[in-house]
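# Chains, contacts and geometry: an overview
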Amino acid sequence: MKIKTALVQMDVVFGDPGANRRKVKQAVEDAVAEKADVIVLPEMWTTGYDFDFIKEELEDEASDTILFLQELARGHRVNLIAGSVAKKTEDGTFNTLLVFNRHGGLRKEYSKAHLFRLMNEEKHLTQGDEGGMFKLEHGYAAGFICYDIRFPEWMRTHMLHPKFTPDVFYVVAEWPKARIEQWRALLIARAIENQVFVVACNRTGSDPNNAFGGHSLVISPLGEVLAETGEEETTLYAEFDTEDVQEIRENIPVFQDRRTDLYRQ
Ligand SMILES: NC(=O)CCC(=O)C(=O)O
């Protein structure tokens, strides 16, 4: 199925959900005007990594943000891979990716499984323990958050489901400029080894601790970079057909050729 994606590479305003919601509202309106089917937001887009604000002022359960996103998805009849937000619960604060369909239905909540120590996530957040698989109109997909892309075994797990196989990996991120070449290399590798499209939305700009590298990109299952931005605040558009994965997987059937008799998993 053909999909037009819009990746909102925004400069997240530190500790200011209202300002960020205004940015996202405008970006969604612009992307809908460009006939996007799926709009992707970056990691922690409501607050950035302002852990003081998250602890002291952020509302619980991310309820205001979920309502805001539901209204956007339903009002514009567009799918949202709505980045991730800090979600405060009685069990801890999670870095949670939210997925909405065109009717505003909340189709998935995935909480980041791998917390990133260089940005003090493990001091302030609770790790998630569930996978990121979900289904939208274009089929099965899986969502991942930033540091997760360094764990090929985690992403590969999502390709080994007995019944459902994702055609697209969506990655939402706040990835610093200093390591942007690793960002690119890791994402291209994940696309090739899993024979999936990778749609990866990073933030741009900076916070008190990091300058972020942008370079949001869309990658084919053959490792071709179909679209990529620089460091500017912009929305990247890219179209692809998820049916292309079938021929690629038939041509090089890695999942039939796996030697699970030799592997530990
Ligand atoms: N927000 C993140 O998880 C950043 C991950 C990162 O920068 C890395 O190098 O890994």
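Residues numbered from 1 in each chain as written. Predicted model: local features only at pLDDT ≥ 70, side-chain atom pairs only at ≥ 80, totals over all residues. Heavy atoms only, no water.

Three or more residues of helix 7 (residues 244-251) are buried, namely Val-245, Ile-248 and Arg-249. Relative to the axis of helix 7, the buried residues are bounded by an arc of 95° and lie together on one face. Residues of helix 7 that are exposed and angled more than 90 degrees away from the buried face: Glu-247, Glu-250 and Asn-251. In this fold, the buried residues of helix 7 make contact with helix 6 (180-194) and strand 9 (197-202). (Buried < 20%, exposed > 50% of the residue type's maximum accessible area, 1.4 Å probe, protein only. Helix = DSSP H or I, 4+ residues; strand = E, 2+ residues; numbered from the N terminus. Arc of directions from axis to C-beta. Contact = heavy atoms within 4.5 Å.)

Moving on, we get to the sheet that holds strand 4 (residues 92-100). With mixed pairing, the six strands of this open sheet are ordered in space as 5-4-3-2-1-12. Either end of the sheet is taken by a strand with one partner, and the two such strands are strand 5 (106-111) and strand 12 (234-241). The mean angle between the axes of side-by-side strands here comes to 25°, regardless of whether they run parallel or antiparallel. In terms of strand pairing, strand 4 meets strand 5 through five bridges, oriented antiparallel. Bridge pairing links Val-99 to Lys-108 in strand 5. Helix 1 (residues 17-33) rests against strand 1 (2-9), strand 2 (38-40), strand 3 (79-89) and strand 12 of the sheet, and its axis sits at about 150° to strand 2. Each of strand 3, strand 4 and strand 5 is contacted by helix 3 (residues 63-76), which is oriented at about 5° to strand 4, the strand it contacts most. (Pairing = 2+ DSSP bridges. Axes fitted to C-alpha atoms, helices over the stretch in contact; angles between N-to-C directions.)

Here the focus is the UniProt feature "domain: CN hydrolase" (unreviewed entry) in the protein. Under the UniProt annotation, the feature "domain: CN hydrolase" (unreviewed entry) is placed at residues 3-242. For residues 3-242, the helix share is 26%, the strand share is 31%, and the end-to-end C-alpha distance is 8 Å. (UniProt positions renumbered as here; feature names shortened; annotations may be inferred.)

Further remarks concern the side chain of Ser-220. Examined against the element boundaries, Ser-220 turns out to sit in the loop between strand 10 (217-219) and strand 11 (225-228). For Ser-220, a relative accessible area of 4% corresponds to the buried category. One polar contact links Ser-220 to Glu-224, side chain to side chain, over a distance of 2.7 Å. Ignoring anything within four residues of it in the chain, the contact list for Ser-220 reads Ala-191, Val-196, Phe-197 and Leu-226. (Polar contact = N/O pair within 3.5 Å; in protein donor to acceptor, adjacent residues only side chain to side chain.)

This next bit is on the site of the ligand. With respect to spatial proximity, the complete set of residues near the ligand consists of Glu-43, Tyr-49, Lys-112, Phe-116, Met-119, Cys-146, Tyr-147, Arg-150, Glu-174, Trp-175, Pro-176 and Arg-179. Take Glu-43: an N or O atom from its side chain is 3.0 Å from a nitrogen atom of the ligand. Within the contact set of the ligand, an oxygen atom lies 3.1 Å away from a backbone nitrogen or oxygen of Tyr-147. Within the complex, 99% of the 300 Å² of free accessible area of the ligand lies under protein. Tallied by class, residues from the shell around the ligand come to seven nonpolar, no polar and five charged. (Near = heavy atom within 4 Å. Areas by Shrake-Rupley, 256 points an atom, 1.4 Å probe, with all protein chains shown as cover. Nonpolar A, V, L, I, M, F, W, Y, C, P; charged D, E, K, R; others polar.)

Turning our attention to the sheet that holds strand 6 (residues 133-136). The strand order across the open sheet built from six strands is 6-7-8-9-10-11, with neighbouring strands paired in mixed fashion. Of all the strands in the sheet, just strand 6 and strand 11 have a single pairing partner and so form its edges. Adjacent strand axes in the sheet meet at a mean angle of 20° when their direction is disregarded. The pairing of strand 6 with strand 7 (residues 139-145) spans four bridges and is antiparallel.

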